[in-house]
Amino acid sequence: SQVYNWTTENLITWLNDHVKLPQYANYFRRNQIDGQFLPRLAVNDNNYYVNIMQIKDQRHRRLIMIKSTDLVLFGYQPSKKYFLLEISYPLFSFY
């Protein structure tokens, strides 16, 4: 997948434009999150999200996790909506 080769700046652009959580860009930059690390973001590792990336808001962690999963599974599709997110985010938003 092309996203595996993304740089940290590519992921920050994705975070800003598609996840709509630009407030975490510095955390991505500081932790050098790139395309090779993307599968780990797709895993629900609360310890990493909370303690290392310092993302305390559970809804934001779940949103990043879901959108990362979608990106890993289906690749980057700039003109299409993220299918997995549309299906699963309402399910997760109740927790």
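Scroll up to find the structure this text is about.
Sequence positions are assigned chain by chain, starting from 1 and proceeding in written order. In keeping with the predicted nature of the model, local features appear solely for residues at pLDDT of at least 70, side-chain atom pairs appear and are counted solely at 80 or more, and the whole-chain, interface and lining totals rest on all residues. Remark: hydrogens and water are excluded; side-chain values derive from all non-hydrogen atoms of the structure.

**Thoughts on the overall build of the chain**
Step number 1: Secondary structure follows DSSP: runs of H or I at least 4 residues long count as helices, runs of E at least 2 residues long count as strands, and numbering of each begins at the N terminus. Tallying secondary structure elements over the chain gives six helices and zero strands in all.
Step number 2: Across the chain, helices and strands are ordered from the amino to the carboxyl terminus as α-α-α-α-α-α.
Step number 3: Counting over 95 residues, the chain shows a buried share of 41%.
Step number 4: Pairs at least 24 apart in sequence give 51% of the contacts found in the chain among residues at least 6 apart.
Step number 5: When the accessible surface of the chain is split by element, carbon and sulfur atoms take 53% of a total near 5700 Å². Three labels apply to residues, based on accessible area from a 1.4 Å probe with only protein chains included: buried if under 20% of the type maximum, exposed if over 50%, partly exposed otherwise in between. The criterion used for residue contact is that any of the two residues' heavy atoms lie within 4.5 Å. Reported accessibility uses the Shrake-Rupley method at a 1.4 Å probe radius. Residues are deemed covered only where the shown protein chains occlude them.

**Looking at a nonpolar patch on the surface**
Step number 1: Nonpolar side chains collect at one region of the surface, where Val72, Leu73 and Phe74 lie side by side and expose about 280 Å² of accessible area between them.
Step number 2: Along the chain, Leu73 turns up in helix α5 (residues 58–74).
Step number 3: Judged by relative accessible area, which is 57%, Leu73 ranks as exposed. Patch members must show over 30% relative accessible area and no salt bridge, and they are joined within 9 Å when carrying like charges or within 5 Å when they are nonpolar side chains of Val, Leu, Ile, Met, Phe, Trp or Tyr. Note on definitions: salt bridges are taken to be side-chain nitrogens of Lys or Arg within 4 Å of carboxyl oxygens of Asp or Glu.

**Digging into the nonpolar core**
Step number 1: Throughout, nonpolar core names a set of buried Ala, Val, Leu, Ile, Met, Phe, Trp, Tyr and Cys residues whose side chains join them through atoms within 4.5 Å. Counting residues in each nonpolar core, the largest one holds 24 residues, and the members touching the most others are Leu11, Leu15, Phe28, Met53 and Ile64.
Step number 2: Elements with a contribution of two residues or more to this core: α1 (8–19), α2 (25–30), α3 (38–41), α4 (46–52) and α5.
Step number 3: Aside from chain neighbours lying at most four places away, what touches Leu11 is Trp6, Phe28, Ile33, Asp34, Gly35, Leu38 and Leu71.

**Quick word on α5**
Step number 1: Here α5 spans 24 Å end to end across 17 residues, near enough to the 24 Å set by a 1.5 Å rise per residue.
Step number 2: Counting buried positions along α5 gives twelve out of 17 residues, so the element sits mostly inside the fold.
Step number 3: Considered for burial, the residues of α5 that qualify are His60, Arg61, Arg62, Leu63, Ile64, Met65, Ile66, Lys67, Ser68, Thr69, Asp70 and Leu71.
Step number 4: At the N-terminal end of α5, a side-chain oxygen is found 2.8 Å from the backbone nitrogen of Arg59, two or three residues along, and the residue is Asp57.
Step number 5: Directly after α5, the chain includes Gly75, whose backbone phi takes a positive value near 80°. A helix is expected to reach a length of 1.5 Å times the quantity of its residues less one. Nitrogen and oxygen atoms within 3.5 Å of one another constitute a polar contact, given that in protein one can donate a hydrogen and the other can accept it, and given that sequence-neighbouring residues count only through two side-chain atoms.

**Concerning the pattern of salt bridges**
Step number 1: All told, the structure shown has three salt bridges when counted by the stated rule.
Step number 2: Taking the shortest distance from any N to any O, the salt bridge between Asp45 and Arg40 comes out at 3.2 Å.
Step number 3: One salt bridge in this structure joins Arg59 and Asp57, with 3.0 Å as the shortest N-O distance.
Step number 4: Judged by relative accessible area, which is 52%, Arg59 ranks as exposed.

**Comments concerning the environment of Asn16**
Step number 1: Checked against the element boundaries, Asn16 lands in helix α1.
Step number 2: Discounting residues that sit within four places of it in the chain, Asn16 has contacts with Pro22 and Ala25.

**Points about the packing of α1 against α5**
What describes two packed helices is the angle between their axes and the distance between those same axes.
Step number 1: Helix axes are fitted to C-alpha atoms over the stretch in contact, other axes to C-alpha atoms as well, and angles between N-to-C directions run from 0 to 180 degrees. Where α1 contacts α5, the two axes come as close as 12 Å, and the packing angle between them is 110°. Considering their axes alone, α1 and α5 lie roughly perpendicular with respect to each other. When the axes of α1 and α5 are compared, the crossing they make is right-handed. Mapping the contact onto sequence places Leu11, Trp14, Leu15, His18 and Val19 in α1 and Leu63, Ile64, Lys67, Ser68 and Leu71 in α5. Orientation categories follow fixed angle ranges, with anything under 35 degrees roughly parallel, anything over 145 roughly antiparallel, 65 to 115 roughly perpendicular, and all other angles oblique. In a left-handed crossing the near helix is turned counterclockwise from the far helix by less than a right angle, and in a right-handed crossing that turn is clockwise.

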